[in-house]
Amino acid sequence: MKKKLVSILLAVATVAGTCGAPAMAVFAEEGTETVAETEAVEDAEEENADEADAEDADAEDADEEDDDEDDVSDEYTTASSEIYNSELGEFYSLYSEAKEETNVSKRYAMMAQAEAKLMESAVMLPTKTQGGDYRLSRMAPHTIGYSLWGSDEYRIHQALIATDFIKAEDVAALREKWAELKGTGTYEAEAKKYLEEKGYTLKDEYNYRYTADPSTWDILASSRQTETQPLVNTYDGLVEYDNEGVLQPALAESYEVSEDGLTYTFHIRQGLEWVDSQGRKVADLTANDFVSGMQHMMDAQGGLEYLIEGVIKNASQYIDGSVTDFAQVGAEATDDYTLVYTLEEPCSYFMTMLGYNIFAPMSKAFYESEGGKFGAEFDSSASDYLYGKGPDSIAYCGPYVVTNATEKNTIVFKANESYWNKDNINIKNVNWLYDDGSDVTKWYNDAKNGTVDWVALTPATTVTAKNDDLFDTYSYVSDTTSTSFMNFYNLNREAYANVNDNTTGASTKSEEEKERTAAAMKNVHFRRALSFGLDRASYNAQVNGEELKVNSLRNCYVPGNFVALEEDTTVSINGTDTTFPAGTYYGAIMQAQIDADGLAIKVWDPDGNDGAGSSDGFDGWYNVDNAVAELDTAIEELSADGITIDEENPIYIDMPYPSSMEAYSNQANAYKQSIETSLGGKVIVNLVDCVTAEGWQYAGYFTDYGYEANYDVYDLSGWGPDFGDPSTYLDTFLPDYAGYMVKCIGLY
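Residues numbered from 1 in each chain as written. Predicted model: local features only at pLDDT ≥ 70, side-chain atom pairs only at ≥ 80, totals over all residues. Heavy atoms only, no water.

With that out of the way, let us pick up the overall build of the protein. For the protein, the helix and strand inventory stands at 21 helices and 26 strands. Computed over its C-alpha atoms, the radius of gyration of the protein comes to 25 Å, within 12% of the 27 Å expected for a compact globule of 748 residues. Judged by the C-alpha coordinates and their principal axes, the protein covers about 75 × 65 × 55 Å. Expressed as a percentage of the 748 residues in the protein, the buried residues total 64%. Carbon and sulfur atoms make up 44% of the accessible area of the protein, which amounts to about 24900 Å² in all. One way to put it: in the protein the 49 positive side-chain charges average out to a point 4 Å from where the 136 negative ones average out. (Helix = DSSP H or I, 4+ residues; strand = E, 2+ residues; numbered from the N terminus. Rg over C-alpha atoms; globule rule 2.2 N^0.38 Å. Buried < 20%, exposed > 50% of the residue type's maximum accessible area, 1.4 Å probe, protein only. Areas by Shrake-Rupley, 256 points an atom, 1.4 Å probe, with all protein chains shown as cover. Lys, Arg positive; Asp, Glu negative; His and termini not counted. Charge placed at Lys NZ, Arg CZ, Asp CG, Glu CD.)

Right, here's the structure in full:
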């Protein structure tokens, strides 16, 4: 069974990192300055440090996962395991050792070494992060939640939004002010003062363009950003990151950590209420609602439950069924206002996890009134199970309630009058307006006339903005984020049309061509040839423009500056003890391992980011000579299996794309041209037209299993971090149905 495989794996591989010294934390009185896989085909998200852009993140980010485990055959699982062990075995071995390490800095270093092996395996090619494009916006920078991980970056209630576009010079001044004031708790007030002094009028409404409706309204049963981004505004967590990146109290006023680092005790605010979509009270909010939420999250298994396996006591055992009494799980309400989490082991990043939806509360009373049950009785397919089917079937404790949701049209959020922090909300109304992306000028025109409040400019709309005399005054380059996008290579392809509609994305390859491609994709040198053969800058230019084509390029999975060593650390690199000083970034250690292995991959530039070092902003992969050399090796190895590859007998690879979306159509053609040119016509890219954004999404993004992946190469999905540790990325490549993104390479 799928869930049993998950638990067996994690019992071996998922070990939390150690904490620092136990602590007591009492938050400042009334932390009111509170506010971490972008929609599948958007070019950007809200302006801030997590300004978003094109595809998906968070894969970060899923419909309720299909629980019919009989759909997964033993043969398929066995084949997936054999391929995984062959192609990712070295990564998994090193990563498992890293997760056993209790010293935080050494753990980081060993994880960087493991990721080096992941990069060398070439099961995916890092392509870009979010942002790094031209923007026009009415939203002041850094006025929504700031965090490199979790969901708080999508909380909108503290935003400062002007009635007119904010000038580029004022965006720059506000960014400088934020850097100066970060951590003081004063930036929002100073930003408001600055804007008013500059003559801007602030409004209490935010208008946003979206491209995909939520598939569920149950935040605890989802792992896709299409649900996370809207629904995070309907509830509060225990704590939240504010717009200066400081963890602030939300539904918890304070917390303590035990001396052994295993017990976290949170003190819940009194007087909190749950309301329905009309703002009517349905229940009091108590500590038990966090316990009920966690149990429901584990019951629903929407794709993120693995995050707490090996972290919360007996979570793994409850999920795999070996523990059926939830009282044995380390989540307990000792009274109405005291919540206690008990951990399996000390966890250095536990507090950073609380900003994600897996720790969201849920009104037990409302859930049960909508047909919800717990444990063995949970059945989301039951005829009387209504919870999460729409905005009227959830309860709210956050800053907004959803008063209208019309599919592919509008989602309307109104301020929750019962919200505990209602007096500190800047935005009273939020309107999401649907855009299918078929009209390449619509987003720009809507932003220009005020229908939506910002736009990421494409090469075409950049020209239009210049002609409209808007570009020079208002355009600025957005910040990049911690979300990583990849080109995924399907190592075990079984689908040759979209699983939801076999008339969409249908491959034209013959059976012989399918077999030849399948063999080639299992060869690491062939995959490296594809990775070295893509001119990623030209590819990226089709969306971000020629001037900004390298800004958002990323060269690894975990951003190179995501974490740094806290102390001098020695690890063995290919048998040689190597010491890295305190402060060394993760990316530098990854690069050291790659260099020692003799591969011409550059994932870290020590001079980037003004000398601080960076894994972004350069192309460390594209090299035609390397591509040809790798292809020659692949040809030699595959010839032993009777496969001839030359100009007359090329390998055909399918790549889906949406012809209705001009920028992404151009990007697909840039991919085809680059690969075919670099590899001398020995590899031919079949561009498979899925026509619409939805067709493109269903080729891979909306799949639950690797056997549903309808492509040889796919460039839509990515991953945004859930908490502040490299494992939030690397766990997604665990085997046996545990790693969320492994399905993108056709496995599990």
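Taken in spatial order, the four strands make up an open sheet running E6-E17-E16-E15, and their pairing is mixed. Each of the sheet's edge strands pairs with one partner strand only, and the pair in question is strand E6 (205-210) and strand E15 (400-406). Each neighbouring strand pair of the sheet contributes to a mean axis angle of 15°, computed without reference to strand direction. Here E6 pairs with strand E17 (residues 429-434) via six bridges, running parallel. Of the residues in E17, the one forming a bridge with Arg-209 is Leu-433. (Pairing = 2+ DSSP bridges. Axes fitted to C-alpha atoms, helices over the stretch in contact; angles between N-to-C directions.)

Right, let's get into a nonpolar patch on the surface. Where nonpolar side chains cluster on the molecular surface, the patch consists of Tyr-622, Val-624 and Val-628 and spans about 200 Å² of accessible area. Inspection of the secondary structure assignment puts Val-624 in helix H18 (residues 624-639). (Patch = residues over 30% accessible without salt bridge, like charges linked within 9 Å, V, L, I, M, F, W, Y side chains within 5 Å. Salt bridge = Lys/Arg side-chain N within 4 Å of Asp/Glu carboxyl O.)

The next subject is the layout of surface pockets. Taken as a whole, the largest pocket holds about 1200 Å³ of empty space. Tyr-146, Leu-148, Thr-480, Asn-561 and Asn-609 are the residues nearest the centre of the largest pocket, which is lined by 37 residues in total. Those elements that provide at least two residues to the lining of the largest pocket are helix H4 (168-181) and helix H9 (350-353). Examining the composition of the lining of the largest pocket, we find that three residues originate from one element, H9, more than from any other. Partitioned by chemical class, the residues of the lining of the largest pocket number 16 nonpolar, 16 polar and five charged. What lines the second largest pocket is a set of 24 residues, among which Ala-212, Asp-213, Glu-407, Lys-408 and Glu-694 lie closest to the centre. If you list the elements that add at least two residues to the lining of the second largest pocket, you get E15 and helix H20 (693-698). (1 Å grid on protein atoms, 1.4 Å probe; cavity = no way out; pocket = protein on both sides within 12 Å on 5 of 7 lines; lining within 4 Å. Points joined across faces, edges and corners; volume = space filled by probe spheres on them. Nonpolar A, V, L, I, M, F, W, Y, C, P; charged D, E, K, R; others polar.)

A few words on empty space enclosed by the protein. One water molecule sets the probe size; rolling that probe over the atoms shows where empty space is left. Put simply, the second largest cavity is a space of about 140 Å³. Along the wall of the second largest cavity there are 15 residues; nearest its centre are Ile-219, Pro-361, Tyr-387, Ile-394 and Ala-395.

What follows deals with the nonpolar core. It is characteristic of soluble globular proteins that their nonpolar side chains tend to be buried jointly. The biggest cluster of nonpolar side chains holds 202 residues, and the ones touching the most others in it are Tyr-341, Phe-350, Tyr-557 and Phe-733. Sort the elements by how many residues they give to this core and helix H3 (residues 104-121) lands first, with ten residues. Other than its neighbours up to four places away in sequence, Phe-350 contacts Tyr-264, Val-311, Ile-312, Tyr-341, Leu-343 and Phe-359. Grouped together as the second largest cluster of nonpolar side chains are 16 residues, Trp-178, Ala-191, Tyr-200 and Tyr-476 included. (Core = buried A, V, L, I, M, F, W, Y, C linked by side-chain atoms within 4.5 Å. Contact = heavy atoms within 4.5 Å.)

Secondary-structure assignment places Leu-631 in helix H18. Residue classification places Leu-631 among the buried positions, given a relative accessible area of 3%. In this structure Leu-631 touches His-525, Phe-526, Ala-529, Leu-679 and Lys-682, once residues within four positions along its chain are discounted.

Inspection of the entire model under this criterion finds 43 aromatic pairs. Note on Tyr-705 and Tyr-737: the rings are 6.3 Å apart at their centroids and 75° apart in plane angle, and the pair reads as edge-to-face. Highlighted residues: Tyr-705 in the loop between H20 and strand E25 (713-714) and Tyr-737 in the segment after helix H21 (727-730), separated in sequence by 32 residues. On the basis of relative accessibility, which here comes to 1%, the residue Tyr-705 falls in the buried class. Among the aromatic residues, those joined into a cluster by ring pairs are Tyr-76, Tyr-84, Tyr-92, Tyr-705, Tyr-707, Tyr-737 and Tyr-748. Here the basic side chain of Arg-138 rests over the ring of Phe-165, its NZ or CZ set 4.2 Å away from the ring centre. Cation over ring: Arg-155 sits above Tyr-235, and NZ or CZ is 5.3 Å from the ring centre. (Phe/Tyr/Trp six-rings, centres within 6.5 Å; stacked < 30°, edge-to-face > 60°. Lys NZ or Arg CZ within 6 Å of the ring centre and 35° of its normal.)

Now for H4. The first and last C-alpha atoms of H4 sit 20 Å apart over 14 residues, in line with the 20 Å expected at 1.5 Å per residue. In the core, the buried residues of H4 are packed alongside helix H5 (187-197), helix H13 (471-474) and strand E19 (476-477). Immediately beyond the C-terminal end of H4, within one or two residues, lies Gly-183, with a positive phi of roughly 95°. (Expected span 1.5 Å × (residues − 1).)

Below, the discussion takes up the pattern of salt bridges. Under the defined criterion, the tally for this structure stands at 31 salt bridges. Taking the shortest distance from any N to any O, the salt bridge between Lys-203 and Asp-453 comes out at 2.8 Å. Taken together, the positions of Lys-203 in strand E5 (residues 202-203) and Asp-453 in the loop between helix H11 (442-448) and strand E18 (454-456) put the pair 250 residues apart, joining distant regions of the chain. The class for Lys-203 is partly exposed, based on a relative accessible area of 22%. When the shortest N-O distance is used, the salt bridge between Lys-672 and Glu-676 registers 2.6 Å. Residue Lys-672 and its partner Glu-676 are both found in helix H19 (residues 662-678); the two are separated by four residues, about one turn of the helix. We classify Lys-672 as partly exposed; its relative accessible area is 24%. The network of salt bridges with common partners includes Glu-90, Lys-117, Glu-120 and Asp-597.

Close contact between helix H16 (residues 536-544) and H19 brings their axes to 8 Å; oriented N to C, the two are set at 170°. The orientation of H16 relative to H19 falls into the category roughly antiparallel. Judged by residue contacts, Ser-538, Tyr-539, Asn-540, Gln-542 and Val-543 of H16 engage Ala-663, Tyr-664, Asn-666, Gln-667, Ala-670 and Tyr-671 from H19. For the contact of H16 with H19, the class distribution of residues is six nonpolar, five polar and no charged. (Parallel < 35°, antiparallel > 145°, perpendicular 65-115°, else oblique.)

Time to look at H16. Among the nine residues in H16, seven count as buried, and that is most of the element. Listing the buried residues of H16 in full gives Arg-536, Ala-537, Tyr-539, Asn-540, Ala-541, Val-543 and Asn-544. Contact partners of the buried residues in H16: strand E2 (124-128), helix H12 (459-467), strand E20 (484-489), strand E23 (651-657) and H19.

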